[in-house]
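Secondary and tertiary structure notes
Take a look at the letters that make up each chain.
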Amino acid sequence: MMTTRHTISVLVNDQPGVLQRVSGLFGRRGFNIESITVGQSEEQGLSRMIIVTLGDDNTLEQIEKQLYKLIDVIKVVNLSSKPMVARELALIKVNAGASERPEIMGVVETFRASVVDIGSNSLMVQVIGDTEKIDAMIELMKPYGIRELSRTGATAMIRG
Amino acid sequence: MNAQTPEVRSTEQLREKWMKPEVITGSEILLRSLLLEGVECVFGYPGGAVLYIYDAMYGFEDFQHVLTRHEQGAIHAADGYARASGKVGVCIATSGPGATNLVTGIATAYMDSVPLVVITGNVATSLIGTDAFQEADITGITMPITKHSYLVRDVKDLPRIIHEAFHIASTGRKGPVLIDIPKDVSAEKSLFEPVKSVNIRGYNPTVVPNKLQLDKVVQAIAEAERPVILAGGGVVYSGAHEALYEFVKRTEIPITTTLLGLGGFPSGHDLWMGMPGMHGTYTANHAIQQADLLINLGARFDDRVTGKIDGFAPRAKVVHIDIDPAEIGKNVNTDIPIVGDVKVVLELLNQEVKRSDKADAWRSQIMKWKAEKPYKYMDSDDKLKPQWVIELLNKTTNGEAIVTTDVGQHQMWVAQYYKFNQPRSLITSGGLGTMGFGFPSAIGAQKAFPDRLVISVNGDGGMQMCAQELAICAINNIPVKIVIINNQVLGMVRQWQELIYDNRYSHIDLAGSPDFVKLAEAYGVKGLRATTKEEARDAWQEALNTPGPVVVEFVVDKDANVYPMVTQGSTIDQMVMGDCE
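Please read all numbers here as calculations on a predicted model, not as lab measurements.

Conventions we followed
- Residues numbered from 1 in each chain as written.
- Chains lettered and ligands numbered in written order.
- Predicted model: local features only at pLDDT ≥ 70, side-chain atom pairs only at ≥ 80, totals over all residues.
- Heavy atoms only, no water.
- Helix = DSSP H or I, 4+ residues; strand = E, 2+ residues; numbered from the N terminus.
- Buried < 20%, exposed > 50% of the residue type's maximum accessible area, 1.4 Å probe, protein only.
- Contact = heavy atoms within 4.5 Å.
- Areas by Shrake-Rupley, 256 points an atom, 1.4 Å probe, with all protein chains shown as cover.
- Rg over C-alpha atoms; globule rule 2.2 N^0.38 Å.
- Lys, Arg positive; Asp, Glu negative; His and termini not counted.
- Charge placed at Lys NZ, Arg CZ, Asp CG, Glu CD.
- Salt bridge = Lys/Arg side-chain N within 4 Å of Asp/Glu carboxyl O.
- UniProt positions renumbered as here; feature names shortened; annotations may be inferred.
- Expected span 1.5 Å × (residues − 1).
- Arc of directions from axis to C-beta.
- Patch = residues over 30% accessible without salt bridge, like charges linked within 9 Å, V, L, I, M, F, W, Y side chains within 5 Å.
- Phe/Tyr/Trp six-rings, centres within 6.5 Å; stacked < 30°, edge-to-face > 60°.
- Lys NZ or Arg CZ within 6 Å of the ring centre and 35° of its normal.
- Pairing = 2+ DSSP bridges.
- Axes fitted to C-alpha atoms, helices over the stretch in contact; angles between N-to-C directions.
- Polar contact = N/O pair within 3.5 Å; in protein donor to acceptor, adjacent residues only side chain to side chain.
- 1 Å grid on protein atoms, 1.4 Å probe; cavity = no way out; pocket = protein on both sides within 12 Å on 5 of 7 lines; lining within 4 Å.
- Points joined across faces, edges and corners; volume = space filled by probe spheres on them.
- Nonpolar A, V, L, I, M, F, W, Y, C, P; charged D, E, K, R; others polar.

In this section: the overall build of chain A. Of the regular secondary structure elements, chain A holds four helices and nine strands. Secondary structure of chain A in N-to-C order comes out as β-α-β-β-α-β-β-α-β-β-α-β-β. Dimensions of chain A, computed from the C-alpha atoms along their principal axes, are close to 55 × 40 × 35 Å. Scored against the burial criterion, the 160 residues of chain A give a buried share of 40%. Here the analysis covers contacts within chain A between residues at least 6 apart in sequence; of these, 72% occur between residues at least 24 apart. A total accessible area of about 8500 Å² is found for chain A, and carbon and sulfur atoms account for 51% of it.

So this is what it looks like as C-alpha cells:
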C-alpha cells in the first residue's frame, strides 16, 4: 500500500499529560510524527493538536482508532482527506551584511514574508505558508548563511 | 469478611451511612467511594505515601484488606479476583517502589483486558517533580499499559475520579485504570457527596452493532461451506457464553476457543475443536486454514493464534466482532467488521441465523479430524508425565474447579488437558505471559469464591517468582490447592532450545530450587510430594480432602514437550506433531 502524508486534527481535553499520551501512543505503536502542534481550540477546556504523519491507509486507520481509545481524545479528523488549508510559520535568522540586505529584502517581498528583526550583521525573516513555501524560502536563504532556524510544524483546517 | 468482624450490618444500613454527605479526608473519601462501587475486598501493601489511607483503614470493617507480601502479589491477586468474579479488582500500593512493583501486574491486566482499579500513593503535590524520597512518575510509567490514569491534584476531584475509574475499567473493552493520590490529597478534607452519574465526553463504547453488518453475517453463514467460529476472551468478559452456546446450537458451526476463551464454550460439545494456534489442536488449525468463513467473536488475532500472518486463514471471508474497533483490521484484513458487545451481537444474530446444509460435509470432516488427531502424549509407567498429572486434576474435579496457571509448558498442558466447561474457570496470563502470576491470582480467585475449589498450577520456575504469598494462604486460611509441576528446568525455554537451538540448553537448569514441601511447611502450609502415579493419586486426594491450603509437588519427567507445536514463521497448519503423531 502507498505511504502518503496525512494531516490529522485531534481534539483533546486540555489536561496535564495529554500530549504525552498522544505522542507516547505514536511512539510505541511505531507511527511516524513529522510534526505536531498544540494550542487552544474554539472550546474552552479543549485543545487541538495537528499531527502530520506518514503512512499507508491501514496505518492511518489504526492511528485514528488508537487515538480514539485515549479517554482524553474527543475527536479525530483526517484533514487531508478533504480540501484543507495548512500553514506553518518559520523564523529564519540569516547572515546579512549591509550589501546583501536589499537582495534578501527582495526575496522576502516576493514571498510575502517579513523581516521582523534587524541585527548588525543579520536579519530575522518570518515566513508563513504551506510546507513547500517554507522549504523554498529556506533554500533561498541558504546561500547567505542561515544562523538559526525555527519552524512550527503545520496547523490546519478544512476549507468551507 | 474475616473472623474479627464484630457485627453484621445490612448493606442498606451501610450504604445509607456511606452516602451521607460529610466533610471527611481524601482517604476516607477513597474508602467510602470504594464501598459505594461495591468493593468487598482489596489487596495491598502499605508505605509512607499511603499512611493516611491505611490510617483510615485502621479498624475499618466494611471491606476486607488482604495484606500480601509483595505488591506484585497484590495486583495479581486483584487480577485473579477480577477474572474469576467479573467484578473490578482493586489493589493499593505506596509511591515509588510500591508503585513500580505493580507495573508487571498492570501490564498483565492490560494485555488480557481485565478490569482493575489500581490505587497508588505519591509524594505530596509540593514535592512532585523534585525527585523526593520514594517518588516515581507512575502515571507516566504506566501510560502505555493502562486504559486510563489519573493523578489527583485536588481532593475535590477524588469522588468523581474514583467513580469514573470504575466506569472506565469495567465497560467497553475492560482494563486497568490507575489513580495516583499524592499524600497531601489523601490527608486534606473536603465535602464528600457520592457521585451518581458519569459524563466522560471522549468515552462512549459502541455496544449495539450496526444492523446492516449483521445481515451480511447472516447471509455469509447461509452461503458458507466451511464455516468456523473463533471465540476469544471477549465471550467470557461480556458474559456471552449462553448466547454463544445458542448460536452454535442454531448454526452448528464448528468452534475453536482461544486460551482466554477456554470455558466460554463447553469442551465436551461435539462441535468444539479445542484451542487454535501454536499449541492448538490439529483440528482447529486445519479448520481455520481451510475455512471459507471465519467468525471471530471477541478474539484479537494474537500472533500465537495466527502463526505466520500472511498465510493465516487464506481462503476465509473474515467476520470480526469486537467491542474495540482498533482490534478490527489490526492484524488480519476483515471483510465484515462489527463493532459491538459480543453478547449483544450474538443475541441479535441468534434471532436470524439458521443451520445451513451446505456445511454438512465440513462438519463430517471436522468430526473425522477430531477422532483421528486428538492431543496425545507418551505415557510412562515409571516416570510421572506432566500431562498425566493435568488429566488427574481434570478427572478428580470433573473439570469444575477454577484453575489458575503460571506461564510455560504447564500452562499449555492445562489448556490442552483440563476440560473447562464454565466461563471464568481458567485464569491465565495469555497476552503478557507473566511468570509469577499463577499462584497469587489463585488467592484472588479464592477470595471471590471462598467455597469453590481453586487449583493453582505452576511450574517450579514461576512458583519461585511469587512464593512469598504462601504466607497469605496460611494466615488467612485461603484453601488454594497449589500444584507445582516440577521438572527442574525452565521447560518451555528448554523445549525451544531443544527443537530450535540445537539442544543448546542455555541457563534453564533450576538446580538450587528449594524443597517445596519444606518451603510450604516453613509458611505453615501443608506440603506433599509425588514422584510416581500412585503417590500422585494419593497426594492429590489428600490435598482435596484437606480443608486449608496445600502445596502438592509433582516431580515430573523433564524431557516432556508440548505438542503439537507451530514454530515461529510457519502457518498454523504446518504443525510439528511430536507425541501427537
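Now, onward.
When you go through chain B residue by residue, the secondary structure sums to 24 helices and 19 strands. Computed over its C-alpha atoms, the radius of gyration of chain B comes to 24 Å, within 12% of the 25 Å expected for a compact globule of 581 residues. Principal-axis analysis of the C-alpha atoms places the extent of chain B at approximately 70 × 60 × 45 Å. Expressed as a percentage of its 581 residues, the buried residues of chain B come to 59%. Considering only residue pairs separated by 6 or more positions, chain B has 75% of its internal contacts joining residues 24 or more positions apart. Total accessible area on chain B is roughly 22500 Å²; 49% of this is exposed by carbon and sulfur atoms. Charged side chains of chain B number 54 positive and 68 negative; the gap between the two group centres comes to 3 Å.

This part takes up the pattern of salt bridges. Evaluated as defined, the whole model comprises 36 salt bridges over all chains. Its salt-bridge partner being A:Glu139, residue A:Lys142 comes within 3.0 Å of it at the nearest N-O pair. B:Asp302 is paired through a salt bridge with B:Arg300; the nearest N and O atoms lie 3.6 Å apart. Since its relative accessible area comes to 21%, B:Arg300 is described here as partly exposed.

Our focus in this paragraph is the UniProt feature "domain: Thiamine pyrophosphate enzyme TPP-binding" (unreviewed entry) in chain B. This chain's UniProt record puts "domain: Thiamine pyrophosphate enzyme TPP-binding" (unreviewed entry) on residues 406–554 of chain B. For residues 406–554 of chain B, the helix share is 40%, the strand share is 16%, and the end-to-end C-alpha distance is 15 Å.

The periodicity of an α-helix, 3.6 residues per turn, causes residues three or four positions apart to be oriented the same way. Residues and elements named next belong to chain B. When the terminal C-alpha atoms of helix H16 (residues 360–372) are compared, their 19 Å separation across 13 residues agrees well with the 18 Å that a helix rising 1.5 Å per residue should span. Regarding H16, the residues found buried are Trp362, Arg363, Ile366 and Trp369. Down the axis, H16 shows its buried residues gathered within 125° of arc, on one side only. In H16, the exposed residues that point more than 90 degrees away from the buried face are Ala361 and Ala371. For H16, the elements touching its buried residues are strand E9 (227–231), helix H12 (241–251) and helix H13 (282–290).

Taken together, the side chains of B:Leu499, B:Ile500 and B:Tyr501 present a nonpolar region at the surface, about 260 Å² in accessible area. Tracing the sequence through the fold places B:Ile500 in the loop between helix H22 (491–499) and helix H23 (516–522).

To continue, consider the packing of aromatic side chains. Residues and elements named next belong to chain B. Summed over the entire model, instances satisfying the criterion amount to 10 aromatic pairs over all chains. When the ring of Phe301 is compared with that of Phe312, the centres are 5.6 Å apart and the planes differ by 75°; the resulting orientation is edge-to-face. Linking Phe301 in the loop between strand E11 (293–297) and helix H14 (303–306) with Phe312 in the loop between H14 and strand E12 (317–322), this pair joins segments that are 11 residues apart in sequence. A single burial state applies to Phe301 and to Phe312, both of which are buried. With 5.5 Å between their ring centres and 90° between their planes, Tyr377 and Tyr417 make a pair best called edge-to-face. Here Tyr377, found in the loop between H16 and helix H17 (386–397), pairs with Tyr417, found in helix H18 (residues 409–417); they are 40 residues apart in sequence, far enough to count as distant. The structure contains a cluster of three or more aromatic residues connected by ring pairs, namely Tyr282, Trp362 and Trp369. Positioned over the ring face of Tyr282 is Lys373, at 5.0 Å from the centre of the ring.

UniProt annotation of "domain: Thiamine pyrophosphate enzyme central" (unreviewed entry) refers to residues 214–348 of chain B when read in the numbering used here. What you have in residues 214–348 of chain B is 34% helix and 17% strand, and the ends, taken at the C-alpha atoms, are 8 Å apart.

Residues and elements named next belong to chain B. Across the sheet, five strands lie side by side as E10-E9-E11-E12-E13; this open sheet has parallel pairing. Looking along the sheet, the strands with just one partner apiece sit at the ends: strand E10 (255–257) and strand E13 (336–339). In this sheet, neighbouring strand axes are inclined to one another by 15° on average, regardless of whether the strands run parallel or antiparallel. Pairing geometry for E9 and E10, over three bridges, is parallel. Paired with Ile229 across the bridge in E10 is Ile255.

Once that is clear, we can look at the pairing of E11(B). Residue and element names in this part refer to chain B. By the criterion of burial, E11 is predominantly enclosed, with five of the five residues buried. Along E11, one buried face is formed by Leu293, Ile295 and Leu297 and the opposite face, lined by Leu294 and Asn296, is buried too. Judged from the five bridges that link them, E9 and E11 form a sheet pairing that is parallel. Note that in E11 the partner of Ala231 across the bridge is Leu297. Pairing analysis gives five bridges linking E11 to E12, with the strands arranged parallel. The residue of E12 that forms the bridge with Ile295 is Val319.

This brings us to the side chain of B:Lys174. Residues and elements named next belong to chain B. If you trace the backbone, Lys174 turns up in the loop between helix H8 (158–170) and strand E7 (176–182). Here Tyr237 takes part through its backbone oxygen, which lies 3.2 Å from a polar atom of the side chain of Lys174. In contact with Lys174, other than residues within four places in its own chain, are Ser113, Val114, Pro115, Lys147, Ala169 and Tyr237.

Under the local residue numbering, the UniProt record ascribes the feature "domain: ACT" (unreviewed entry) to residues 7–81 of chain A. Each end of residues 7–81 of chain A is marked by a C-alpha atom, and these two atoms are 9 Å apart; helix forms 32% of the span and strand 39%.

The subject of this paragraph is empty space enclosed by the protein. All names here are of chain B. Counting across every chain of the model gives three cavities of 30 Å³ or more. The volume enclosed by the largest cavity comes to roughly 110 Å³. Taken together, Arg83, Val236, Tyr237, Leu259, Leu260, Leu262, Arg424, Leu426, Ile427 and Thr428 make up the full set of residues lining the largest cavity. Contributing elements (two or more residues each) for the lining of the largest cavity: helix H11 (233–237) and strand E15 (426–427). When the residues that make up the lining of the largest cavity are grouped by side-chain class, the tally is seven nonpolar, one polar and two charged. Of the voids in this model, the second largest cavity is the one considered here, and its volume is about 40 Å³. Lining the second largest cavity are Ala82, Arg83, Gly86, Val114, Pro115, Lys174, Tyr237 and Arg424. Residues belonging to the lining of the second largest cavity are distributed by class as follows: four nonpolar, one polar and three charged.

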